[in-house]
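Here are the chains, one letter per residue:
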Amino acid sequence: MALIVQKYGGTSVGTIERIMAVAERVKRWRDQGDHVVVVVSAMSGETDRLIGLARQLQERPEPRELDVLLSTGEQVTIALLSMALQAHGCPARSYTGAQVHILTDSAHNKARIRDIDAARVRADLDAGRVVVVAGFQGIDEHGDITTLGRGGSDTSAVAIAAALKADECQIYTDVDGVYTTDPRVEPKARKLDRITFEEMLEMASLGSKVLQIRSVEFAGKYRVPLRVLSSFEEGEGTLITFEENAVEDAQISGIAFSRDEAKLTVLGVPDQPGVAYQILGPIADANIEVDMIIQNVAAQEAATDFTFTVHRNDYARALEILKATADNLGARQVLGDPQIAKISLVGVGMRSHAGIASRMFSSLAEEGINIRMISTSEIKISVVVDEKYLELGVRALHDAFGLDQEPVV
Ligand code: ADP
Ligand code: ASP
Ligand code: MG
């Protein structure tokens with residue numbers, strides 16, 4: 001008998017028919033003799049709808065109140081799924097995050113899970129019930145409702161799987177696995193049977209929203225076997241593996257991209273110690289995360305240019321702060337561009353193959369795509385381009401690296 005945690009995303013529970021289909025699938029696993037815990041998202045579009053309601057009242061609603069509102073989406077689906085299971089003759093119980101003590105920190109709207117008390121879940125499983133838990137939400141030490149950031153139900157599922165020492169955590173979604181890139185952007189994208197944990201971590205952190213980054217971090221930390229599969233069709237999905245040698249011998253495994261970027265530049269800052277800190281310190285103090293950074297070498301006049309990227313949601317505030325800093329530093333000018341995107345090649349094969357960066361740059365050049373920033377690490381290369389070239393760039397790179405073909409071993 002196995003203990004399985006299954007997570008169903010918004011589209012998979014988007015209608016009553018879909019919820020009934022989920023109930024049937026869950027029941028099949030249980031009838032096989034497995035213990036099943038189900039984590040669900042809100043019905044597709046619901047979280048956006050709730051955010052829209054809040055914004056009609058306040059431009060920036062108080063994070064605590066927003067969490068009270070957003071957590072209702074998942075409360076609807078746990079109840080509906082439990083009813084659907086019961087209607088299929090499968091005993092089930094629903095729980096909110098607070099009821100199963102998903103304890104988080106108090107960072108509303110982006111809380112981190114600290115601890116889960118799995119006793120109640122275990123007792124239900126032992127009594128033969130399916131346990132249905134609301135994803136995306138928890139409770140802090142003051143008893144306030146928190147949420148885990150967009151896509152956070154993935155993280156709820158993996159954290160519950162870790163707490164229960166589950167045999168597998170299955171993420172059911174609207175694609176049948178992890179692809180070489182988002183199949184919505186490149187229809188020739190190919191499903192991967194396996195991807196290494198490290199690559200999945202990079203893909204998620206570089207913008208592939210198929211798994212929330214924190215869920216992958218959790219899976220790594222607690223060694224949770226993780227699989228992405230479709231709730232619409234049968235199949236093996238994609239296994240996130242910890243064995244590096246078990247994957248295809250590809251140079252590149254996938255292409256991630258993100259539209260959520262914005263670029264800021266300050267021109268003509270003094271080229272002297274402490275300047276990077278003076279520029280980025282106030283940005284960090286405002287809780288804004290900086291992604292890529294470039295500082296040019298100074299030309300004759302001992303002044304330099306400094307460019308960095310932030311999340312597009314933080315652009316307006318970052319620009320305001322940077323303008324104030326630029327005045328203090330006597331900089332020449334501040335420039336900003338919120339219409340940029342980041343494209344990244346990811347693959348553990350980069351460690352053993354040379355020339356990947358140059359092939360990347362040449363295929364972007366052939367399409368006339370200007371590269372605005374570059375950053376590399378051991379298993380990834382990222383470039384910043386104008387947002388309008390995002391799709392073209394992803395497809396050109398997918399072709400250039402033959403990602404639609406099975407790699408030759
Ligand atoms: P859910 O609501 O089930 O959590 P998401 O929309 O969060 O689903 O994630 C699934 C979506 O992720 C897919 O529909 C697909 O468009 C997108 N996606 C982005 N990158 C990839 C990738 N590399 N492989 C598969 N899907 C991807
Ligand atoms: N409902 C939340 C969201 O839309 C959490 C999730 O679906 O994972 O972001
Ligand atoms: Mg998701």
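This text goes with the structure placed above it.
Presented here is an overview of the structure given in this document. (Residues numbered from 1 in each chain as written. Chains lettered and ligands numbered in written order. Predicted model: local features only at pLDDT ≥ 70, side-chain atom pairs only at ≥ 80, totals over all residues. Heavy atoms only, no water.)

Some thoughts on the site of ligand 2
Quick note on the threshold: Residues are labelled near a given molecule or strand when at least one of their non-hydrogen atoms is within 4 Å of it. Within 3.5 Å is the distance limit for a polar contact, defined as a pair of N or O atoms, with the added protein rule that one can donate a hydrogen and the other accept it, and that residues adjacent in sequence qualify only through two side-chain atoms. We call Asp, Glu, Lys and Arg charged. Ala, Val, Leu, Ile, Met, Phe, Trp, Tyr, Cys and Pro are nonpolar, and the rest, Gly among them, are polar.
Ligand 2 sits among S41, A42, T47, E74, F136, R150, G151, G152 and S153. At 2.9 Å, a backbone N or O of G151 approaches an oxygen atom of ligand 2. Looking at the shell around ligand 2 residue by residue, the classes come out as two nonpolar, five polar and two charged.

Description of the pattern of salt bridges
Should their charged atoms come close, side chains of opposite charge can pair. In plain terms, the rule: Throughout this description, the term salt bridge denotes a Lys or Arg side-chain nitrogen within 4 Å of a carboxyl oxygen of Asp or Glu. Secondary structure elements are defined from DSSP: runs of H or I of at least 4 residues count as helices, runs of E of at least 2 residues count as strands, and each element is numbered from the N terminus. The rule is simple: take the accessible area with a 1.4 Å probe, protein chains only, and divide by the maximum for that residue type; under 20% is buried, over 50% is exposed, in between is partly exposed.
Enumeration according to the criterion identifies 25 salt bridges in this entry. Between R25 and E234 there is a salt bridge whose closest N-O contact spans 3.5 Å. Taken together, the residues R25 in helix α1 (residues 16-31) and E234 in the loop between β11 (226-230) and β12 (238-241) connect sequence positions 209 residues apart. A relative accessible area of 59% means that E234 is categorised as exposed. Among the ionic pairs, D48 bridges to R150, the shortest N-O distance being 3.0 Å. Placement of the pair is D48 in helix α2 (residues 46-57) and R150 in the loop between β8 (145-147) and α5 (153-164), with a sequence separation of 102 residues.

A closer look at the sheet that holds strand β10 (residues 194-196)
Let me state the cut-off plainly: Whether two strands pair depends on DSSP finding at least two bridges between them. Structural elements are reduced to axes, namely lines fitted to C-alpha atoms, with helices fitted over the stretch in contact, and the angle between N-to-C directions of any two is expressed from 0 to 180 degrees. Note on contacts: a residue pair qualifies if any of its non-hydrogen atoms lie within 4.5 Å across the two residues.
Across the sheet, which stays open at both edges, the eight strands sit in the order β3-β6-β2-β1-β9-β11-β12-β10 with mixed pairing between neighbours. A strand with exactly one partner marks an edge of an open sheet, and here the two such strands are β3 (92-95) and β10. Averaged over all adjacent pairs, the angle separating strand axes in this sheet is 20 degrees, with direction ignored. Sheet topology places β10 next to β12; three bridges connect them, and they run parallel. Among the inter-strand pairings, R194 is bridged to a residue of β12, identified as L239. Docked against the sheet, helix α4 (residues 119-126) engages β1 (3-8), β2 (35-40), β3 and β6 (130-134), running at close to 130 degrees with respect to β2.

What to know about the packing of helix α8 (residues 275-285) against helix α9 (residues 315-329)
We count it as follows: Here a crossing is called left-handed whenever its near helix is offset anticlockwise from the far helix by less than a right angle, and right-handed whenever the offset is clockwise.
Contact geometry of α8 with α9 gives a least axis separation of 9 Å together with a crossing angle of 145 degrees. Where α8 crosses over α9, the two elements pack in a sense that is right-handed. Here Q278, I279, P282 and I283 of α8 come into contact with α9, specifically with A318, I321, L322, T325 and L329. Its residues assigned to classes, the contact of α8 with α9 shows seven nonpolar, two polar and no charged.

Focus: the sheet that holds strand β13 (residues 254-270)
Hydrogen bonds along the backbone pair up the strands of a sheet, which may run parallel or antiparallel. Across the sheet, which stays open at both edges, the six strands sit in the order β14-β15-β13-β16-β18-β17 with antiparallel pairing between neighbours. Each edge of the open sheet carries a strand with a single partner, namely β14 (290-295) and β17 (373-377). On average, each strand axis in the sheet is inclined to that of its neighbour by 25 degrees, with strand direction left out of account. Here five bridges tie β17 to strand β18 (residues 380-386), and the two strands are oriented antiparallel to one another. The residue bridging S375 from the neighbouring strand is S382, located in β18. Sitting on the sheet, α9 is in contact with β13, β15 (303-311) and β16 (333-346), with an inclination near 20 degrees to β13. Those strands touched by helix α10 (residues 356-366) are β16, β17 and β18, and its axis lies near 20 degrees from that of β18.

Honestly, that's just the spatial picture; any functional story needs more than this.
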